Amino acid sequence: MQTVRVKYKDYQKYICYEGQLTFKSFLDCVAKKFDIPTLDLKVFDVTKTEVDEEVFEFLIQKQDLGVLEICFPQDPNDSLSSSASASVTSYSDVDSDDTIILQRSPASTKREEDSRLAKMIEDILKNKPGGERIMNEYARTKSLTDSRRRDMVKILVAQMTSDHGTSPSRRVKEEYAKGITSLFPNLADPRSKFGFEHYYNAEDGSGYLAWRLKFVQKGASEGQKKTLRQSLTGGPKADRGPFTEANCLTTESLCCEAIALMKHSADEAIVKEKMKQTFTYRQKMLHDPVKSSEIFTAFPRFLDIPGMIEQDFNLMFGDVTSAKFLEKWPTVYKKKVLDQSRGLTQTGDLQDLVQNAGSTTEVENGWDNDMSSLMVLVHLLPPSTQGRKRPGKLSARQASEHLVKFLKTGTSIQGHLDSIMESRQPYLLAVGTQRSVIHKYFIVIDKHAIPCKSPDCLACIDELFKAHFVFGTSYNQDLVNVYNFLQTTIYEIDVENTKVNPRVAELRARMLN
């Protein structure tokens, strides 16, 4: 058994080890002994010289090593100011839990507070889905991308509002901001007074944390106002329980265990079963104005395992309702839609769509016959001007862009997601060599691309419709007539509780006759 004396702030302890002590294992032992995060720890010898991995193994063999000083990089001078007083320590009773408490100074008090806040932030991130990815990215690059920084702010504000409500005190917001820059020193702003003001500035109430809190507060306020209206209205945002008595977990702790297991499991069968068991928990989360934006952080397997949307929709409405679109559209409604389109003004776009939908001969750069038939429905039920902020009417062709977008094979999907500048309702992203030859479909929602279960375009339209209910999101304003028609006529969901446009009601009546 060998020992080395280590000092952190005003505390000095022995680290005991056997065999070869590497620099990494040394830092791990120090973090465990002093209960501090391991990110960016620096080591200094008795001469105040920094010790790195390259020379550590040589120094550790020296008989007169003395005391190794541990500190964070944001304030190394303060950290080393009192190390001389700890250079001699009794060796008569080598107990790894023995601690020498030295005289505390204002600087050491500040360091202790910074360490406490850094540990608070680290614990939150370690225990939340997506938090490990944030810490790993910083450890690898010493920085965070904008999207990863937004994920971090969302996680921390969710925890803050859970512990302190939607209006936390100034002290709480400052502690979180300080904790971020204490845990991740490179994220501090060297141009500001304290370094953390871009996360929260008490003087003007600005910063990433403050802005996210305002968004959460607005969502909570609007959620309260909408509660009554939603209870009287059908559609994707209505609060629903499972269609049948599902085998759902009943406590939050059991759900959190299942969520943690799903995050790392490579067995899709286990993930699907745990997704079923957490269905009720997920629905409550989706209808919570504070937590709803964290759905892909809590349940990231939506993003890499196809079929999760279908499974949740089946739990909501049952297999019979879930199968209606794929059963009825090709056999009944596709022909009726084409028949009804003959009464429309035959524009060039509409003529191309009808030609594609009615035959196997494709127009150059046109969609295949199934997708073309859906586009014809958009022409039958174009966007209305009701509720528009600007005068004018969006064309059916423009509205179709909100239903499906084409991306040529070889183009970066992540680049497409990064180009999204504002929040939009779900839509299909079709990837292929041309519109009539699509190899893969994705559902884009909240700047995430969810792989569709099937390459068939009708199955993907079916999955897109179901995604609105699974994620509790409203229809795109320019496609609300189309979606309401599908909902009330084909899926037959909330027929009596859904208010539809007169044009939708008229087309529905003609279709059902």
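This section reports on the structure supplied with the text. On a predicted model such as this, the values are computed, not experimentally measured, just so you know.

Topic: the packing of aromatic side chains
Right, so step 1: Scanning all chains against the criterion turns up 23 aromatic pairs.
Right, so step 2: Ring geometry for Phe 23 versus Phe 56: centroids 5.4 Å apart, planes at 65°, classification edge-to-face. Of this pair, Phe 23 sits in helix H1 (residues 23-34) while Phe 56 is found in helix H2 (residues 53-59), placing the two residues 33 residues apart along the sequence.
Right, so step 3: Relative accessible area serves as the criterion here: at 13%, Phe 23 is assigned to the buried category.
Right, so step 4: Each ring, one from Phe 302 and one from Phe 471, has its centre 4.9 Å from the other, and the planes form 65°; the classification is edge-to-face. Linking Phe 302 in the loop between helix H12 (295-298) and helix H13 (308-322) with Phe 471 in the loop between helix H19 (457-470) and helix H20 (480-490), this pair joins segments that are 169 residues apart in sequence. Each member of the pair, Phe 302 as well as Phe 471, carries the same accessibility label: buried.
Right, so step 5: Within the aromatic cluster, the residues linked to one another by ring pairs are Phe 313, Phe 317, Phe 325, Trp 329, Phe 465, Phe 469, Tyr 475, Tyr 483 and Tyr 491.
Right, so step 6: Positioned over the ring face of Phe 34 is Lys 13, at 5.3 Å from the centre of the ring.
Right, so step 7: Sitting over the ring of Tyr 208, Arg 149 keeps its end group 3.9 Å from the ring centre.

Examining the sheet that holds strand E8 (residues 427-434)
In sheet architecture, strand pairing relies on hydrogen bonds along the backbone and comes in two forms, parallel and antiparallel.
Right, so step 1: Strand order across the open sheet formed by 4 strands is E7-E8-E9-E10, with mixed pairing between neighbours. Unpaired on one side and paired on the other, strand E7 (404-408) and strand E10 (448-451) mark the two borders of the sheet. Averaged over all adjacent pairs, the angle separating strand axes in this sheet is 35°, with direction ignored.
Right, so step 2: Across 4 bridges, the pairing between strand E9 (residues 437-445) and E10 is antiparallel. By the bridge assignment for E10, Phe 442 is matched with Pro 451.
Right, so step 3: Strands in contact with H19 are E8, E9 and E10; relative to E9, the strand with the most contacts, it is inclined by about 0°.

Quick notes on helix H14 (residues 324-341)
Right, so step 1: Along H14, the largest kink reaches about 55° and is centred on Pro 330.
Right, so step 2: Of the surrounding secondary structure, the elements contacted by the buried residues of H14 are H13, helix H15 (348-358), helix H16 (369-380), H19, H20 and helix H21 (502-512).

Observations regarding the pattern of salt bridges
Right, so step 1: Per the counting criterion, the structure on display carries 26 salt bridges.
Right, so step 2: Close ionic contact of Glu 294 with Arg 212 constitutes a salt bridge, the shortest N to O distance being 3.5 Å. In this pair, Glu 294 is assigned in the loop between helix H11 (279-286) and H12 and Arg 212 in helix H8 (residues 208-231), connecting sequence segments 82 residues apart. For the residue pair Glu 294 and Arg 212, the accessibility class agrees, reading buried in each case.
Right, so step 3: Several salt bridges share partner residues, and in doing so they unite Glu 113, Arg 116, Arg 171 and Glu 175 into one network.

Looking at the side chain of Ser 322
Right, so step 1: Locating Ser 322 in the fold gives a position in helix H13.
Right, so step 2: Side chain to side chain, Ser 322 and Glu 310 meet in a polar contact 3.1 Å long.
Right, so step 3: Among residues more than four places away in sequence, those in contact with Ser 322 are Glu 310, Phe 313, Asn 314, Asp 462, Lys 466 and Tyr 491.

Considerations on a negative patch on the surface
Right, so step 1: Taken together, the side chains of Asp 52, Glu 53, Glu 54 and Glu 57 define an acidic patch exposed on the protein surface.
Right, so step 2: Inspection of the secondary structure assignment puts Glu 57 in helix H2.

Conventions we followed
Residues numbered from 1 in each chain as written. Predicted model: local features only at pLDDT ≥ 70, side-chain atom pairs only at ≥ 80, totals over all residues. Heavy atoms only, no water. Phe/Tyr/Trp six-rings, centres within 6.5 Å; stacked < 30°, edge-to-face > 60°. Helix = DSSP H or I, 4+ residues; strand = E, 2+ residues; numbered from the N terminus. Buried < 20%, exposed > 50% of the residue type's maximum accessible area, 1.4 Å probe, protein only. Lys NZ or Arg CZ within 6 Å of the ring centre and 35° of its normal. Pairing = 2+ DSSP bridges. Axes fitted to C-alpha atoms, helices over the stretch in contact; angles between N-to-C directions. Contact = heavy atoms within 4.5 Å. Bend = angle between axes of the 7 residues up to and from the residue. Salt bridge = Lys/Arg side-chain N within 4 Å of Asp/Glu carboxyl O. Polar contact = N/O pair within 3.5 Å; in protein donor to acceptor, adjacent residues only side chain to side chain. Patch = residues over 30% accessible without salt bridge, like charges linked within 9 Å, V, L, I, M, F, W, Y side chains within 5 Å. Areas by Shrake-Rupley, 256 points an atom, 1.4 Å probe, with all protein chains shown as cover. Lys, Arg positive; Asp, Glu negative; His and termini not counted. Charge placed at Lys NZ, Arg CZ, Asp CG, Glu CD.

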